[in-house]
Amino acid sequence: MKSDFDARPIYLNKREHIRAHFLLCFVSLVILRLIQNGMGPCRLSVERIAEALRGANCLLERGGYVRLLDVGGKIRYEERLDQKSGKMVPSLKFSREDQAALDYRRIQETFGTNFYYAYAKQEDFKRFFKEMELGKRA
């Protein structure tokens with residue numbers, strides 16, 4: 001399990017800060033393992049899960065609405081056929097099919113979630129996670 005994380009010194013002095021740091025690290029590891037085990041044989045590496053989840057951000061807006069932002073998407077070079085010359089030429093293209101977006105979609109499919117482009121009240125958001133938790137127990 002140590003191969004998934006890089007070890008580095010921590011500069012904490014107070015006992016409660018050291019314990020809190022350890023707790024956060026341990027909870028992070030447990031969440032990663034739950035995601036991996038939930039995905040079964042098609043599980044992702046810790047690096048790919050972290051990259052996919054790193055792009056998952058949300059905003060709390062006025063009125064208590066939670067808005068999830070889109071995950072992934074990159075501009076990349078791609079060769080395309082030029083209409084005039086008939087030759088392949090390099091061009092820029094926006095793609096939503098980057099690895100992080102695809103992995104995020106796989107994680108969502110594994111746990112039966114679909115919160116892309118969603119606006120929800122905080123209460124609905126909390127209920128959504130509670131229902132997801134109850135569904136996994138059944």
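Residues numbered from 1 in each chain as written. Predicted model: local features only at pLDDT ≥ 70, side-chain atom pairs only at ≥ 80, totals over all residues. Heavy atoms only, no water.

A. A look at the overall build of the protein chain. Scanning the protein chain for helices and strands turns up 4 helices and 5 strands. Helices and strands in the protein chain line up, N terminus first, as α-α-β-β-β-β-α-β-α. Counting across all 138 residues of the protein chain, residues that qualify as buried make up 22%. Across the protein chain, every contact between residues at least 6 apart in sequence was considered, and the portion connecting residues at least 24 apart equals 47%. As displayed, the protein chain has an accessible area near 11000 Å², and 57% of this comes from carbon and sulfur atoms. (Helix = DSSP H or I, 4+ residues; strand = E, 2+ residues; numbered from the N terminus. Buried < 20%, exposed > 50% of the residue type's maximum accessible area, 1.4 Å probe, protein only. Contact = heavy atoms within 4.5 Å. Areas by Shrake-Rupley, 256 points an atom, 1.4 Å probe, with all protein chains shown as cover.)

B. Structural context of the packing of aromatic side chains. This model, assessed by the stated rule, comprises 1 aromatic pair. Ring plane angle 20° and centroid distance 6.2 Å describe the contact between Phe 22 and Phe 26, whose orientation is recorded as stacked. In this pair, Phe 22 and Phe 26 are both assigned in helix α1 (residues 15-39), 4 residues apart and thus about one turn of the helix distant. Its relative accessible area of 46% is what places Phe 26 among the partly exposed residues. (Phe/Tyr/Trp six-rings, centres within 6.5 Å; stacked < 30°, edge-to-face > 60°.)

C. View of the pattern of salt bridges. The tally for this structure, following the rule as stated, stands at 2 salt bridges. For Asp 103, the salt bridge goes to Arg 48, with nearest N and O atoms at 2.7 Å. You can see Asp 103 sitting in helix α3 (residues 99-110) and its partner Arg 48 sitting in helix α2 (residues 46-54), a full 55 residues away along the chain. (Salt bridge = Lys/Arg side-chain N within 4 Å of Asp/Glu carboxyl O.)

D. Just the packing of α1 against α3, in detail. Interaxial distance between α1 and α3 falls to 9 Å at its minimum, and their mutual angle equals 75°. The pairing of α1 with α3 is recorded here as roughly perpendicular in orientation. Contacts from Ile 35, Gly 38 and Met 39 in α1 reach Arg 106, Ile 107 and Thr 110 in α3. Split into classes, the residues belonging to the contact of α1 with α3 amount to 3 nonpolar, 2 polar and 1 charged. (Axes fitted to C-alpha atoms, helices over the stretch in contact; angles between N-to-C directions. Parallel < 35°, antiparallel > 145°, perpendicular 65-115°, else oblique. Nonpolar A, V, L, I, M, F, W, Y, C, P; charged D, E, K, R; others polar.)

E. Quick peek at the nonpolar core. With 9 residues, the main nonpolar core is built from Leu 32, Ile 35, Met 39, Leu 44, Val 46, Ile 49, Ala 52, Tyr 104 and Ile 107. Mapped by element, the contributors of at least two residues to this core are α1, α2 and α3. (Core = buried A, V, L, I, M, F, W, Y, C linked by side-chain atoms within 4.5 Å.)

F. Representation of α1. Here α1 contains 25 residues, and its C-alpha end-to-end distance of 36 Å stays within 8% of the 36 Å for a straight helix at 1.5 Å per residue. Considered for burial, the residues of α1 that qualify are Leu 29, Leu 32, Arg 33, Ile 35, Gln 36 and Met 39. Against the buried residues of α1 lie α2 and α3. Just downstream of α1, Gly 40 is the residue with a positive phi angle, here 65°. (Expected span 1.5 Å × (residues − 1).)

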